[in-house]
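Residues per chain are reported as follows:
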Amino acid sequence: MATENKALITLFGATGDLAKRKLYTSLFKLYQKGYLADHFALLGTSRHELSDDEFEKMVLDSIKDIPAKDGEAEAFAKHFFYCAHDVTKPEHYVKLKDRLAELDKQFGTEGNRLFYMSMAPQFFGTIAINLKKQGLITDKGYNRLVIEKPFGRDFDSAKKLNDELSQTFEENQIFRIDHYLGKEMVQNIQALRFGNPIIEALWNNRYIDNIQVTLSEKLGVEERAGYYDKSGALRDMLQNHIMQVVAQLAMEEPVAFTDDDVRVEKIKALRSLRVYTPSEAAANFVRGQYDAGNGTNAYRNEDGVDPESGTETFVAAKLMFDNYRWSGVPFYVRTGKKLADKFTRIDVVFKKPLIDIFANPDAKNQNLASNVLTIYVEPKSGFALQLNAKHVGQGYTTEPVDLQFLQSDSAKKESPEPYERLFHDALEGNHTNFASWAEIAYAWKFVDVIRNLWDIEKPSFPNYVPGSMGPAAADELLARDGRKWVYRLNR
């Protein structure tokens, strides 16, 4: 049975796209399942002037496609209220304070307050400081802060932001959203590793040759050009999503499956990530920008993009961890826009036997294929293990075969969406699937070396065609080590 969470949520950026597409639908699903019930309310804020009724209508419109019982959506929307607010004006927080006090009493939320910042990050510090100065922090119950990415543009800006937030909130009160940590199969990484001794026993440099992580996007920048051209794939994807996935693949087993213990091991893993010198970064990182092709514009011709833009839409890299478990094992990662398809997958490539007893001059295949464990994150969800088996027939040639488990469509429908899962965790006070400041700091220190190098070198863009898997240099990055991407086109 679901346990009801008593909470008063203040949403900064309540009229924004994220709130309409993800946040209200996630809260409604939690309401349908009983995690939210009579004792919750949400006070939305933005600069727009709206009445409570108009805001309620906006919420109902956002959740209209979710199947519901008669009257269920309307009952849910009655928990939503609105207050026009300029976050830069201290006097506006007085009105917010009064509304929150009223709603706390009306809905019996027992002083539990969750502040959700879904707006431009330059306002995060301003809001946090004013929440304390103007007395919106409650003396009873809990006070929690949920913030969206990006968390800074580099280490210095991230530290400045964290210092501002820390004037009001303790680290254990801050929940930094990374929606990849809410994905079912990303959360399955730890179950796969630590719930199966047969896997964990092989999860080291004695048996693993390399690990590959691919986050492939089929679309271009679409309506995000204004943000993306100032960010690029390195900041938008690698510094957060990819680093969080890699940390879970590289971490040691925690003492217990608690948020504190999981965070400790992720931090240890990121501490051991080799921070490259500029020359090492140049050798181990590849960047790309998509050209015109297959009926689409070049990135530089997209609306809102600088015609001379040097922003990368593709990144591939070789990461190395300097610790006992992973010494010598490369982690190859790549992400990009306008690639062959939309998918996320992890391929764990195991070492081949030292001696291939099946190799002989008459065999059609004289080399055993590598064993590969694939974790399908999206759109399909599941695992596949590639093994070698005897080919049916005379002789003794071998061929790769797959053992596969994929979640059914019905199971995927039952799985919570990432924001639903993360909203629930924040209400419960569970940090397991949120990034800590230490994790973000180590990720920025690593990425800053590459960003600083790329900012002074003019790239040769565009350098890949839409519908491919990125520039040729991404394949050469592995070929230099005598390896190939497990997922590749035209193999």
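In this report, the structure presented in the accompanying data block is examined. (Residues numbered from 1 in each chain as written. Predicted model: local features only at pLDDT ≥ 70, side-chain atom pairs only at ≥ 80, totals over all residues. Heavy atoms only, no water.)

Looking at the overall build of the protein chain
Across its full length, the protein chain holds 16 helices and 14 strands. Compactness check: the protein chain gives a C-alpha radius of gyration of 25 Å against a globular reference of 23 Å for 491 residues, within 12% of the reference. Counting only C-alpha atoms and orienting by the principal axes, one finds that the protein chain spans roughly 85 × 55 × 45 Å. Counting only residues that meet the buried cut, the protein chain has 54% of its 491 residues in that class. Taking the intrachain contacts of the protein chain between residues at least 6 apart in sequence as the baseline, contacts between residues at least 24 apart amount to 77%. (Helix = DSSP H or I, 4+ residues; strand = E, 2+ residues; numbered from the N terminus. Rg over C-alpha atoms; globule rule 2.2 N^0.38 Å. Buried < 20%, exposed > 50% of the residue type's maximum accessible area, 1.4 Å probe, protein only. Contact = heavy atoms within 4.5 Å.)

Notes on the sheet that holds strand β4 (residues 113-117)
The strand order β3-β2-β1-β4-β5-β6 describes an open sheet built from 6 strands, whose pairing is parallel. Lying at the two open borders of the sheet, with one neighbouring strand each, are β3 (80-84) and β6 (174-176). Taken over all neighbouring pairs, the strand axes of this sheet differ in orientation by 20° on average, direction set aside. As paired elements, strand β1 (residues 7-12) and β4 share 5 bridges and run parallel to each other. Residue pairing across strands places phenylalanine 12 opposite methionine 117, the latter belonging to β4. Strands β1, β2 (40-46), β3 and β4 of the sheet are contacted by helix α1 (residues 17-32), whose axis makes an angle of about 170° with β1. (Pairing = 2+ DSSP bridges. Axes fitted to C-alpha atoms, helices over the stretch in contact; angles between N-to-C directions.)

Re the pattern of salt bridges
One pass over the structure, following the stated rule, counts 29 salt bridges. Aspartate 236 is the salt-bridge partner of lysine 149, the closest N and O atoms lying 2.9 Å from each other. Placement of the pair is lysine 149 in the loop between β5 (143-147) and α6 (155-165) and aspartate 236 in helix α10 (residues 232-250), with a sequence separation of 87 residues. The class for lysine 149 is partly exposed, based on a relative accessible area of 26%. We note a salt bridge from aspartate 347 to arginine 345, for which the minimum N-O separation is 2.8 Å. (Salt bridge = Lys/Arg side-chain N within 4 Å of Asp/Glu carboxyl O.)

Concerning the sheet that holds strand β10 (residues 330-336)
The mixed open sheet is built from 8 strands, whose spatial order is β8-β9-β10-β7-β11-β12-β13-β14. The sheet is open, and its two edges are formed by β8 (285-288) and β14 (398-406), each paired on a single side. In this sheet, neighbouring strand axes are inclined to one another by 15° on average, regardless of whether the strands run parallel or antiparallel. As defined by bridge partners, strand β7 (residues 208-216) adjoins β10 across 6 bridges and the pair is classed as parallel. Bridge pairing in β10 links leucine 215 to threonine 335. In the packing of helix α15 (residues 437-456) onto the sheet, the strands contacted are β8 and β9 (314-320), and the crossing angle to β8 comes to about 55°. Docked against the sheet, helix α16 (residues 472-479) engages β7, β8, β9 and β10, running at close to 15° with respect to β9.

Side note on the packing of α6 against α15
Between α6 and α15, the least distance of the axes is 9 Å, while the angle of their chain directions is 160°. If you check the angle between α6 and α15, you find them roughly antiparallel. Contacts from Phe155, Ala158, Lys159 and Asn162 of α6 reach α15 at Trp437, Ala441, Trp444, Lys445 and Asp448. In the contact of α6 with α15, the residues fall into 5 nonpolar, 1 polar and 3 charged. (Parallel < 35°, antiparallel > 145°, perpendicular 65-115°, else oblique. Nonpolar A, V, L, I, M, F, W, Y, C, P; charged D, E, K, R; others polar.)

Notes on the side chain of aspartate 236
Residue aspartate 236 is classed as buried on the basis of its relative accessible area, which comes to 2%. With near-sequence residues (within four places) excluded, aspartate 236 lies in contact with Lys149, Arg224, Tyr227, Tyr228, Ser231 and His241.

Section: α1
Working note: α-helix, 3.6 residues per turn, so residues spaced by three or four point in the same direction. With 16 residues, α1 extends 23 Å from end C-alpha to end C-alpha; this agrees with the ideal 22 Å at 1.5 Å per step. At leucine 23, α1 shows its strongest bend, of approximately 30°. Turning to α1, its buried residues are Leu18, Ala19, Leu23, Tyr24, Thr25, Ser26, Leu27, Phe28, Leu30 and Tyr31. Count one or two residues on from α1 and you reach glycine 34, which has phi positive near 95°. (Expected span 1.5 Å × (residues − 1). Bend = angle between axes of the 7 residues up to and from the residue.)

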